[in-house]
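Survey of secondary and tertiary structure
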Amino acid sequence: MRRPNDRLRRAKIVCVSAGRERQAEVFLSGATGRRTRIPFDAARLEERAQTVMSAEAFAYVAGGAGAEETMRANRRAFERVSIVPRTLRDVSRRDSSLELFGRRLPRPFLLAPIGVLELAHRDADVAAARAAASLGLPAIFSSQASRPMEEVAAAMGEAPRWFQLYWSTVDELVESFVARAERCGCEAIVITLDTTLLGWRARDLELGYLPFLRGRGLAQYTSDPVFQRLVRERGRTASAERPTLAALLTLLELRRNVRGLDPRAAVQTFTEIYSRSSLRWDDLVSIRDLTRLPIILKGILHPDDARRAVEAGFDGIVVSNHGGRQLDGAIATLHALPAIVEEVAGRVPVLLDSGIRTGGDALKALAFGATAVLVGRPYVYGLAVGGEAGAREVLQNLLAEFDLALGLSGCASLADVRDMKLTIPERSNPATTSYSDEGR
Ligand code: GLV
């Protein structure tokens, strides 16, 4: 039997290798005939992941909402901003560490919360969190994780972790999740605001595949005593239809994935309660009664919402469009960032999520005022191709590339990056829709 302490001991923190060391490591391995399985280029990494994932799993991870305009806009925004490097500024010693919510981090990167990691690899959240832990990067546990947060926390020693919350329609479940996250040593709660309804995702719709309905990505729920009680109390509504063969196969899959509860009742309960589309600012502030942890709001794209978040006493903001998975046509996060940074005026950290693929992307986001960035799909692809080691390699490469981008742009610190003056080309910065949010 696996004991949590074994894992704890094994999760030793390795040093974050700087850009030159990582380059040397890769080239020296190449010279001895050893090539890495993990592509260095983000597009090739995605292609490689596609070859090892099922069609459904790949569609779920890679897909975005609607025509995937926002997903592309996220990338285009980065592509259209140019760095103008400065020279002869002694970048031989570079420090991109930072302090975030009382914790010193080696680099301004965190792992975005991503659900259903079992679609990429059987070790799922445990592998991703261990990869993050080995590099000292915070992992943000997803509400839709494939493994309960307690198991993941036990596998990552003292390494930093946060918890991402979808605000359930059942307050008691919100309380239970937050209390569990505290016990698991999470250092912040990230409330996702942009998924009170699920986006219209063409790739998943075409395959008729939503992992939660197969009992996948429900581990935080099925391991929760409040959720278990709700499932037992509610039971399920029996269907009068004769089951098809496909329905029977789905049921078998469900039974494998949901243990100890009636699987159909568990899925039904989950779909009814996982998110509250009536959520308003007044509901959100009640989280202060549940925890003293920093509360960060994820999914903010409008400066007025950023102002409201700060005025309501929240501790941080993640500028995110959920990797283009929620509202198609939503503004690219890099375009939304400058106005939000201006509005927030340094009162709380502003993190940027969605579209980060290279070290240069991260540099650009930081130059526009982000405190740190969240990386998402790339580590999932690394996980799919090479498990924990694959996810670690992807992250190591990103950190190495960032370190080199820092030096090559003439910066030796994050303060130097913030002093870079980058501009978003006029034509690629679409006007934001403005409307009054009175009474909303
Ligand atoms: C859930 O968070 C998703 O993006 O599928």
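What you see with strand S6 (residues 189–192) is no split at all: Ile189 and Ile191 on one side and Val190 and Thr192 on the other are buried throughout. Inspection of the sheet shows strand S5 (residues 161–165) paired to S6 by three bridges, in the parallel sense. Across the sheet, Gln164 pairs through a bridge with Val190, a residue of S6. The parallel pair S5 and S6 is bridged by helix H8 (residues 171–183), and the resulting crossover is right-handed. As paired strands, S6 and strand S7 (residues 295–300) are joined by four bridges and run parallel to one another. Its bridge partner lying in S7, Ile191 is registered against Leu297.

Among the nonpolar cores identified, the biggest contains 139 residues, and Leu165, Ile189 and Ile317 are the most heavily contacted of them. Looking at this core, the element that brings in the most residues is helix H18 (residues 377–408), giving 14 residues. Discounting residues that sit within four places of it in the chain, Ile317 has contacts with Ile296, Leu297, Ile300, Ala306, Ala309, Val310, Ile340, Val344, Val348, Pro349, Val350 and Leu351.

Note on pairing: side chains with opposite charge can pair once their charged atoms come close. Inspection of the entire model under this criterion finds 24 salt bridges. Measuring nitrogen to oxygen at the nearest pair gives 2.9 Å for the salt bridge that ties Asp361 to Arg75. Remark: Arg75 occurs in helix H5 (residues 69–80) and Asp361 occurs in helix H17 (residues 359–367); sequence separation between them is 286 residues. Asp361 sits in the buried class, given a relative accessible area of 3%. With a closest N to O distance of 3.1 Å, Glu118 and Arg216 form a salt bridge. Separated by 98 residues along the polypeptide, Glu118 in the loop between strand S3 (109–111) and helix H6 (124–135) and Arg216 in the loop between helix H9 (202–207) and helix H10 (219–222) bring together distant segments of the chain. The exposure class of Glu118 is partly exposed, given its relative accessible area of 21%. Overlapping salt bridges, with partners in common, bring together Glu118, Arg214, Arg216 and Glu253 in one network.

Definitions and cut-offs
Residues numbered from 1 in each chain as written. Predicted model: local features only at pLDDT ≥ 70, side-chain atom pairs only at ≥ 80, totals over all residues. Heavy atoms only, no water. Buried < 20%, exposed > 50% of the residue type's maximum accessible area, 1.4 Å probe, protein only. Helix = DSSP H or I, 4+ residues; strand = E, 2+ residues; numbered from the N terminus. Pairing = 2+ DSSP bridges. Right-handed = clockwise from strand over helix to strand, strands pointing away. Core = buried A, V, L, I, M, F, W, Y, C linked by side-chain atoms within 4.5 Å. Contact = heavy atoms within 4.5 Å. Salt bridge = Lys/Arg side-chain N within 4 Å of Asp/Glu carboxyl O.

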